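# Structural overview
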Amino acid sequence: MQGEKREKMGLLVGLVGVICFSLTLPATRIAVEHFGTTLVGLGRTVVAAMLVAVVLIVRKEKFPSPRQFKSLLIVALGAVLGFPLLTSWAMEDLPVSHGAVEVALLPLATAGFAMLRAGEIPSLKFWISSAIGSLAVIIYALHLGFGSLQYADLALLTAVIILGLSYAEGGKLAKELGSWQVIAWAIIIGAPFFIIPVALSVTSEMLHAPIQAWISFIYLAIVSQFLAYVAWYSGMAMGGIARVSQIQYLQPFLMILFATLFLNESITYFTIVIAVIVVLSVVFGKGARVRKKVEVAREG
């Protein structure tokens with residue numbers, strides 16, 4: 001019973017993380033128009049590092065071990081460098097609704113890497129629910145007629161793949177290092193390499209950016225880059241990487257909702273229908289059993 005409560009809490013905390021992440025693309029879309037790709041993609045980490053450094057010092061956190069450091073490099077590659085930079089570049093040309101559909105493939109990427117990195121084996125029920133959710137978002141993309149892949153599309157798909165690896169690695173590492181410590185140390189690792197390119201990208205015109213652009217950038221730095229990951233990694237550590245990753249099927253539609261509220265992008269009845277289908281697929285797969293490779297070996 002205690003295990004079930006922990007899993008439910010993991011799903012709830014993971015949902016908080018997803019809601020926070022759902023504002024990332026809309027905030028990126030607003031900020032990148034005034035600050036550019038480099039400042040929005042990498043500058044958020046530099047700002048977040050200032051907050052993180054204070055927290056680590058005050059709490060007197062121990063340095064990660066050499067083995068943990070290797071895993072943190074993988075987390076930093078996806079969550080600190082790849083995803084922020086690639087999505088910032090893509091959002092210069094694509095609407096949030098477009099990006100949201102492609103980001104919807106993230107749960108499958110995360111579950112796939114979870115099998116490789118964390119030794120989790122999702123059941124057939126899990127994969128069926130994942131297939132239903134993925135098929136729904138693919139139909140949605142085809143209906144909107146996005147056409148052939150552009151460079152921005154390739155950037156988003158690449159971002160999804162490396163972030164899926166980062167999520168799986170971070171969820172695994174969070175069980176021994178701590179949830180917020182994972183992203184905190186990843187930020188500290190990446191930030192020093194970003195200072196020079198960020199400094200070179202700053203211009204005097206940026207000082208005259210509208211207040212919504214500054215609010216968006218601050219949100220990206222403090223919430224998207226740090227606090228949302230704290231919730232997300234905590235959720236995966238408690239509820240399991242593959243299972244909690246399914247909640248992300250809600251993320252593209254939350255993104256579209258926020259894009260409607262803040263960017264005046266339109267939302268159709270078809271979008272709502274697809275959203276319902278995706279939500280049902282998450283409900284269907286929520287109780288799917290996820291076994292460890294060790295368990296399978298013992299049974300064999």
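Cut-offs and rules
- Residues numbered from 1 in each chain as written.
- Predicted model: local features only at pLDDT ≥ 70, side-chain atom pairs only at ≥ 80, totals over all residues.
- Heavy atoms only, no water.
- UniProt positions renumbered as here; feature names shortened; annotations may be inferred.
- Helix = DSSP H or I, 4+ residues; strand = E, 2+ residues; numbered from the N terminus.
- Buried < 20%, exposed > 50% of the residue type's maximum accessible area, 1.4 Å probe, protein only.
- Contact = heavy atoms within 4.5 Å.
- Areas by Shrake-Rupley, 256 points an atom, 1.4 Å probe, with all protein chains shown as cover.
- Bend = angle between axes of the 7 residues up to and from the residue.
- Phe/Tyr/Trp six-rings, centres within 6.5 Å; stacked < 30°, edge-to-face > 60°.
- Salt bridge = Lys/Arg side-chain N within 4 Å of Asp/Glu carboxyl O.
- pLDDT = per-residue confidence, 0-100.
- Core = buried A, V, L, I, M, F, W, Y, C linked by side-chain atoms within 4.5 Å.

Looking up the protein in an unreviewed UniProt entry gives the name Multidrug transporter, with the organism given as Peribacillus simplex. Quoted verbatim from the Subcellular location (unreviewed entry) field of the UniProt record, the comment on the protein reads "Endomembrane system".

Within the protein one finds 13 helices and 2 strands. Expressed as a percentage of the 300 residues in the protein, the buried residues total 53%. At a minimum sequence separation of 6, the contacts of the protein that also span at least 24 residues come to 91%. As presented, the protein carries roughly 13,900 Å² of accessible surface, and 71% of it is formed by carbon and sulfur atoms.

Now for helix H9 (residues 211–239). In the structure, H9 departs most strongly from a straight axis at valine 223, where the bend amounts to approximately 35°. Counting buried positions over the 29 residues of H9 gives 21, a clear majority of the element.

Right, let's get into the packing of aromatic side chains. If you walk through the whole model with that rule in mind, you get 10 aromatic pairs. Ring centres 6.1 Å apart and planes at 35° place the aromatic pair phenylalanine 21 and tyrosine 167 in the tilted group. In this pair, phenylalanine 21 is assigned in helix H1 (residues 2–22) and tyrosine 167 in helix H7 (residues 151–177), connecting sequence segments 146 residues apart. Side by side, phenylalanine 21 and tyrosine 167 carry an identical accessibility label, which is buried.

All right, on to the pattern of salt bridges then. Scanning the entire structure with this criterion turns up 2 salt bridges. Between arginine 59 and glutamate 61 there is a salt bridge, with its nearest N and O atoms 3.0 Å apart. The salt bridge involving arginine 67 is made with glutamate 176; its shortest N-O contact spans 2.6 Å. With arginine 67 in helix H3 (residues 66–90) and glutamate 176 in helix H7, this residue pair connects regions lying 109 residues apart in the sequence.

What follows concerns unusual backbone geometry. Located in the positive-phi region is lysine 60, a residue other than glycine, with phi close to 55°. For lysine 60, the location among the structural elements is in the loop between helix H2 (24–59) and H3. At asparagine 264, a position not held by glycine, the phi torsion is positive, near 60°. Along the chain, asparagine 264 turns up in the loop between helix H11 (251–263) and helix H12 (269–286).

On average, the protein scores 84 in pLDDT, and the residues at 70 or more come to 89%. H2 holds the highest mean pLDDT among the elements of the protein, 94, whereas helix H13 (residues 293–299) holds the lowest, 51.

Most of helix H4 (residues 96–103) sits inside the fold, with 8 of its 8 residues counted as buried. Among all positions in H4, only Val96, Ser97, His98, Gly99, Ala100, Val101, Glu102 and Val103 are buried.

Another aspect to go through is the nonpolar core. Phe35, Tyr167, Ile183 and Tyr233 are the most contacted members of the largest nonpolar core, which has 62 residues in total. Looking at this core, the elements that each hand over two or more residues are H1, H2, H3, helix H5 (106–117), H7, helix H8 (179–201), H9 and helix H10 (241–245). Looking at this core element by element, the count peaks at 13 residues for H9. Excluding residues within four positions of it along the chain, isoleucine 183 makes contact with Ala79, Val80, Gln225, Phe226, Tyr229, Val230 and Tyr233.

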